[in-house]
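# Understanding the architecture of this molecule
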Amino acid sequence: MDSGDEQPRAAAGPPLDRRAELSEFLRSRRARLKPEEVGLPVFGRHRRVPGLRREELAQLAGVSVAYYTRLEQGNGRNVSAEVLDAIARALRLTDAEHAHLTHLAKPKSHKKKPAVRQQHVRPALRQLLDMMEGVPAYVVGRRAEILAWNRMAAALFGDWGELPQAERNWARLVFLRPEYRELFVDWEQKAIDIVCALRMDAGCHPDDPRLSALVGELSVKSERFRRLWATHDVREKNHGVKRLHHPLVGDLSLNFESFRLTDDAEQSLVTYHAEPDSASAQSLRLLAGWGADATRAGSR
C-alpha cells in the first residue's frame, strides 16, 4: 500500500532566508546558556540579555567579538570549519545542532540537484513493506512526506490512501487533524519531533519552495506549530517508544526504529513493534485482522 511516485503539487512559497535562519539559530542557542554553566563569572544581578552575551560567547570560542558578531548577523560566507567547531563547542551544541549550524553557515551547492524533485520509493522497498505483515512500517521523505506504507501502518495510523496526496504529510496530520492529537498519548512530544525534523530539512534545503510553503501554511493554521518553529530546536530521534491510544484496541506501547536509507539519505524506513507476549503485541495482532478498516471500525 503506497502513494505512488507522483508527488503532490503544493503551492510554492518564497525560499527561507538562510542568513536570517543562521542569525536566529545562533541567538537562540546563546540565549539558553547561563554564564555560570560555562564557568564565567557573573557581575551584577540584572543582565539585559538572556543567556550569554556576544562577547562572552566569543571569548569561549576563542574568536574576536567582531568576527562572531558578523557570523551571528548571518554572514557565514568565509567562516572556517575550525571556527564553526569552536563555536559549536562553546554553545554546547548536540551533533544534530552542529550539523545544522554547518548547513546554515556553509551551504552546499545544489546546482546539479534541483531542490524540488520527485521522491521515488524503490520497488524492492515497497515489496519489503508488504512482506512485513505484523509490523507497522512506512517510508518518510523530505518535508515529512509519507511516501509508502504497509497494511499494518494503515491499521495503526489510519488509511492514508483515502487522503489527497498533499495531506499525506506528518506535519499536516499532527498539527491540523484532531484525530492525531487523540491518537498520540504524548502529542506534544510528537509535535516537537516533527518540527525539529523540519528545521533540519530547512537547514539543508533553504531554497525548497514546497518546504517554505508548508511552513507558511502551518504557521498560519496552527499557533502551536508557530511557537515551536520559533524555538529553532533541531534533533534527530531514530528510536524510542511511542504510546498510542487507538480507537479500536485502546492503549499501545510500541518501540519504533528509523533507518535512513544508504542510497537516499532523504528517505527513512520507520517500523513499530511491541514487546513479545505483551498486551500491545496482542492488540497489534487484532489490528492485523482488521487491516485498513481498523480505525474506521474504532470510530464507529
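Note that the coordinates shown come from a computational prediction; the quantities given were computed from them, not determined experimentally.

## Quick look at the overall build of the protein chain
Looking only at helices and strands, one finds 14 helices and five strands in the protein chain. Within the protein chain, contacts between residues at least 6 apart in sequence are counted, and of these 63% link residues at least 24 apart. For the protein chain, the exposed area adds up to about 15,500 Å²; of that, 51% sits on carbon and sulfur atoms.

## Topic: the pattern of salt bridges
Throughout the structure, instances matching the rule amount to 22 salt bridges. The residue Arg29 makes a salt bridge to Glu97 at a minimum N-O spacing of 3.0 Å. A residue pair is termed long-range when its members are at least 10 positions apart, and Arg29 in helix H1 (residues 18-31) and Glu97 in helix H5 (residues 95-105) qualify at 68 residues. What makes Arg29 buried here is its relative accessible area of 2%. Via salt bridges that share partners, Arg142, Arg143, Glu145, Asp201, Asp208 and Glu266 belong to a single interconnected network.

## What to know about the sheet that holds strand S5 (residues 268-273)
Each strand in a sheet pairs with its neighbour through backbone hydrogen bonds, running either in the same direction (parallel) or in the opposite one (antiparallel). Judged by pairing direction, the sheet is antiparallel, and its five strands sit side by side in the order S2-S1-S5-S4-S3 without closing on themselves. The open sheet terminates on both sides in strands that have one partner only, identified here as strand S2 (146-149) and strand S3 (239-246). On average, each strand axis in the sheet is tilted by 30 degrees relative to the strand beside it, whichever way the strands run. Relative to strand S4 (residues 250-260), S3 runs antiparallel, the two sharing eight bridges. Of the residues in S4, the one forming a bridge with His246 is Gly250. Against the sheet, helix H13 (residues 279-290) contacts S3 and S4, and its axis sits at roughly 85 degrees relative to S4.

## Things to note about the confidence of the model for the protein chain
In this model, the protein chain carries an average pLDDT of 86, and 85% of its residues clear a pLDDT of 70 or more. Note on residues 4-10: pLDDT under 50 across the span, and 18 contacts to partners over four residues away in sequence or across chains. In this model residues 110-115 is a low-confidence stretch, pLDDT under 50, and it forms seven contacts with partners more than four residues away in sequence or in other chains.

## Quick notes on the nonpolar core
The biggest cluster of nonpolar side chains holds 46 residues, and the ones touching the most others in it are Tyr138, Phe157, Trp160, Trp170, Phe175 and Leu198. Aside from chain neighbours lying at most four places away, what touches Phe175 is Trp187, Ala191, Ile194, Val195, Leu218, Ser222, Arg224, Phe225 and Leu228.

## Some points on helix H11 (residues 209-221)
The end-to-end C-alpha distance of H11, which contains 13 residues, comes to 18 Å, matching closely the 18 Å that a straight helix rising 1.5 Å per residue would cover. By the burial criterion, the buried members of H11 are Arg210, Leu211, Ser212, Leu214, Val215, Leu218 and Ser219. Where the residues of H11 are buried, they touch helix H8 (170-176), helix H10 (187-204) and helix H12 (223-230). Where H11 begins, the capping side chain belongs to Asp208, and its oxygen is found 3.0 Å from the backbone nitrogen of Arg210.

What counts and what doesn't
- Residues numbered from 1 in each chain as written.
- Predicted model: local features only at pLDDT ≥ 70, side-chain atom pairs only at ≥ 80, totals over all residues.
- Heavy atoms only, no water.
- Helix = DSSP H or I, 4+ residues; strand = E, 2+ residues; numbered from the N terminus.
- Contact = heavy atoms within 4.5 Å.
- Areas by Shrake-Rupley, 256 points an atom, 1.4 Å probe, with all protein chains shown as cover.
- Salt bridge = Lys/Arg side-chain N within 4 Å of Asp/Glu carboxyl O.
- Buried < 20%, exposed > 50% of the residue type's maximum accessible area, 1.4 Å probe, protein only.
- Pairing = 2+ DSSP bridges.
- Axes fitted to C-alpha atoms, helices over the stretch in contact; angles between N-to-C directions.
- pLDDT = per-residue confidence, 0-100.
- Core = buried A, V, L, I, M, F, W, Y, C linked by side-chain atoms within 4.5 Å.
- Expected span 1.5 Å × (residues − 1).
- Polar contact = N/O pair within 3.5 Å; in protein donor to acceptor, adjacent residues only side chain to side chain.

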